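Tertiary structure, described
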Amino acid sequence: MFTKRIACIGAGYVGGPTMAMIAMKCPQYKVIVADLNKARIDAWQTDSLPIYEPGLLDVVQAARGRNLFFTTDIAGAIREAEIIFVSVNTPTKTFGEGAGRAADLQYWEKVAREILRESTSPKIVIEKSTLPVKTAQTMETILNAKGDGVHFEVISNPEFLAEGTAVKDLLEPDRVLIGSRETPEGLKARQEIVDIYANWVPAERIVTSNVWSAELSKLVANAFLAQRISSINSISALCEKTEANVREVAHAVGMDSRVGSRFLNASVGFGGSCFKKDILNLVYICESYGLHEVARYWESVITMNEYQEQRFVRAMIRAMFNTIVDKRIALFGFSFKADTSDTRESPAIFVARKLMEERARVVITDPKAIENARHDLEGAPVEYAEDPYQAARGAHAVAIMTEWEEYRTLDWGKIYGSMEKPAFLFDGRNILDHKGLYELGFNVYPLGSPAYRHF
Ligand code: UDX
Ligand code: UDX
């Protein structure tokens, strides 16, 4: 009764929401999401999903059990489906050649071999994970190595969803990119994938290209986004030395329609599972082709991000009279951005560790990410508090690490009243009313504009 059977291997931040959306929008297809992590698969079957993503539960509930299924039987899913999305993780290598820069493709390759082992009919295999350029070629070589007549087409369909807005990004994507080989079989496979998205995405937003362009576009899109943040963060440092205000500068610059206003918020630094990993990947690729200047150019985006994180901690120490030994410091927010529980590469991890090195007493509060924070900082002498008021009680300083909406509307007068004096506030996301807080009694340190101090 189903017109297509689609499998996805990897039920993470990308695979889970993407398949749920396809299943909701296309009741005529059977969608099977498979993952080797049983706890994760079990959680997808309940109403407490393994990832926090606004609006996702409604999408899952609309299709689960109807045409959306979750399983740990990866082999079974491969056998049943004619279209297989692969969205397993591709972290930065931690060992051997290219350690710290190249992508670790071991999971991807394992999956490719499993697809090869289990397939008795032709399959379209889709790269959903971000991969180095030309991975599709390697995968095709592995898949077509058996020479028993089963044909595989590898398609690159990179994911552009951002965490926290995944459902909206999937519902109304800026674009869907589908890359294939330009052979008759490649073009036919490409069309099959176009047909899936055409169920809800307007035709003009479905872009097709050759497979290398699709792979590279994903890395470049993330590199460009991260580069904007590093650019404005570099200017935040200059603003702090002058009378300029980085928010005013970003506003004026962003109003130029050629520049655009988004992704120009200065911050303690960008985090997340993609930006750093993808830029490192880009750098590694450039180097492997001998393009050293190009590699250095993109590497500087990461260097600037690290500088910004260090600068933030240094500014805290300096403001608090050059010592924070035994001072209680509350970090408000630990996730790498608002509306997600994800803490991968969160600048808060770096800040918390540095503050502990200086022997401060660190307290962490976050509406969604405390569990992940505990994991990231395992064994460290950190206090965790669900309640931000409790976190701030008796603290010398509060530092905003994540732009959670609820931090804007806290009773800051009450927080000030419960803190040690002088009370410091470091706004790593520039989300608070700095002048208002100063008037309440705080010494306020925004990013990219002069501090408001009572001394
Ligand atoms: C992943 C990649 O990290 C990223 O490069 C890509 O852009 C999209 O896919 P994400 O979904 O956030 O991102 O990763 P993660 O949440 O770690 O999910 C990957 C899942 O794959 C995990 O649930 C893991 O258990 C599963 N997996 C991994 C397998 O099922 N089999 C494997 O061999 C390896
Ligand atoms: C990113 C891309 O946006 C998405 O298209 C891709 O598929 C995956 O990587 P994500 O990492 O989920 O998505 O979040 P994003 O919203 O891009 O934010 C990344 C980081 O940049 C966060 O730490 C965020 O707080 C920070 N940021 C963002 C800023 O510091 N300033 C800004 O103006 C915007």
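Refer to the structure above for everything that follows.
Residues numbered from 1 in each chain as written. Chains lettered and ligands numbered in written order. Predicted model: local features only at pLDDT ≥ 70, side-chain atom pairs only at ≥ 80, totals over all residues. Heavy atoms only, no water.

**A few points about the pattern of salt bridges**
- Across all of its chains, the model carries 24 salt bridges by this definition.
- Between Asp 47 and Arg 64 there is a salt bridge whose closest N-O contact spans 2.7 Å. Of this pair, Asp 47 sits in the loop between helix H2 (38-44) and helix H3 (56-63) while Arg 64 sits in the loop between H3 and strand S3 (68-71); the two residues are 17 residues apart in sequence, bridging distant segments of the chain.
- A residue is classified by how much of its surface remains accessible, and Asp 47, at 48% relative accessible area, is partly exposed. (Salt bridge = Lys/Arg side-chain N within 4 Å of Asp/Glu carboxyl O. Helix = DSSP H or I, 4+ residues; strand = E, 2+ residues; numbered from the N terminus. Buried < 20%, exposed > 50% of the residue type's maximum accessible area, 1.4 Å probe, protein only.)

**Some points on the site of ligand 2**
- Taken together, 21 residues are adjacent to ligand 2, and Phe 160, Glu 163, Ser 267, Phe 336 and Arg 429 come closest.
- Contacts to ligand 2 include Glu 159, whose backbone N or O atom sits 3.2 Å from an oxygen atom.
- Examining the composition of the shell around ligand 2, we find that 4 residues originate from one element, helix H9 (residues 211-241), more than from any other.
- In terms of residue class, the shell around ligand 2 is made up of 11 nonpolar, 4 polar and 6 charged. (Near = heavy atom within 4 Å. Polar contact = N/O pair within 3.5 Å; in protein donor to acceptor, adjacent residues only side chain to side chain. Nonpolar A, V, L, I, M, F, W, Y, C, P; charged D, E, K, R; others polar.)

**Examining the nonpolar core**
- The biggest cluster of nonpolar side chains holds 42 residues, and the ones touching the most others in it are Ile 6, Ile 22, Val 31, Leu 68, Phe 85, Ile 193 and Tyr 197.
- Not counting the four nearest positions on each side in its chain, Ile 22 is found in contact with Ile 6, Tyr 29, Val 31, Phe 85, Ile 196, Tyr 197 and Trp 200.
- Among the nonpolar cores identified, the runner-up in size contains 32 residues, and Phe 312, Met 316, Leu 377 and Ala 397 belong to it. (Core = buried A, V, L, I, M, F, W, Y, C linked by side-chain atoms within 4.5 Å. Contact = heavy atoms within 4.5 Å.)

**A few points about the packing of H9 against helix H10 (residues 246-254)**
- Here H9 crosses H10 at 135°, and the two axes come no closer than 9 Å. On the basis of the axis angle, H9 is oblique to H10. Between H9 and H10 lies a crossing whose hand is right-handed. Residues Ile 232, Ile 235, Ser 236 and Cys 239 of H9 form the contact with H10, whose own contacting residues are Val 246, Val 249 and Ala 250.
- Looking at side-chain class alone, the contact of H9 with H10 contains 6 nonpolar, 1 polar and no charged residues. (Axes fitted to C-alpha atoms, helices over the stretch in contact; angles between N-to-C directions. Parallel < 35°, antiparallel > 145°, perpendicular 65-115°, else oblique. Left-handed = near helix turned anticlockwise from the far one by under 90°.)

**Here's the deal with the site of ligand 1**
- If you check the shell around ligand 1, you find 18 residues, and the closest are Asp 35, Arg 40, Thr 90, Thr 130 and Lys 277.
- The separation between an oxygen atom of ligand 1 and a polar side-chain atom of Asp 35 is 2.5 Å.
- Within the side chain of Lys 277, an N or O atom sits 2.7 Å from an oxygen atom of ligand 1.
- For ligand 1, whose unbound accessible area comes to 690 Å², protein coverage reaches 92%.
- Taken together, the residues of the shell around ligand 1 sort by class into 6 nonpolar, 8 polar and 4 charged. (Areas by Shrake-Rupley, 256 points an atom, 1.4 Å probe, with all protein chains shown as cover.)

Read these as spatial facts, not as claims about activity.
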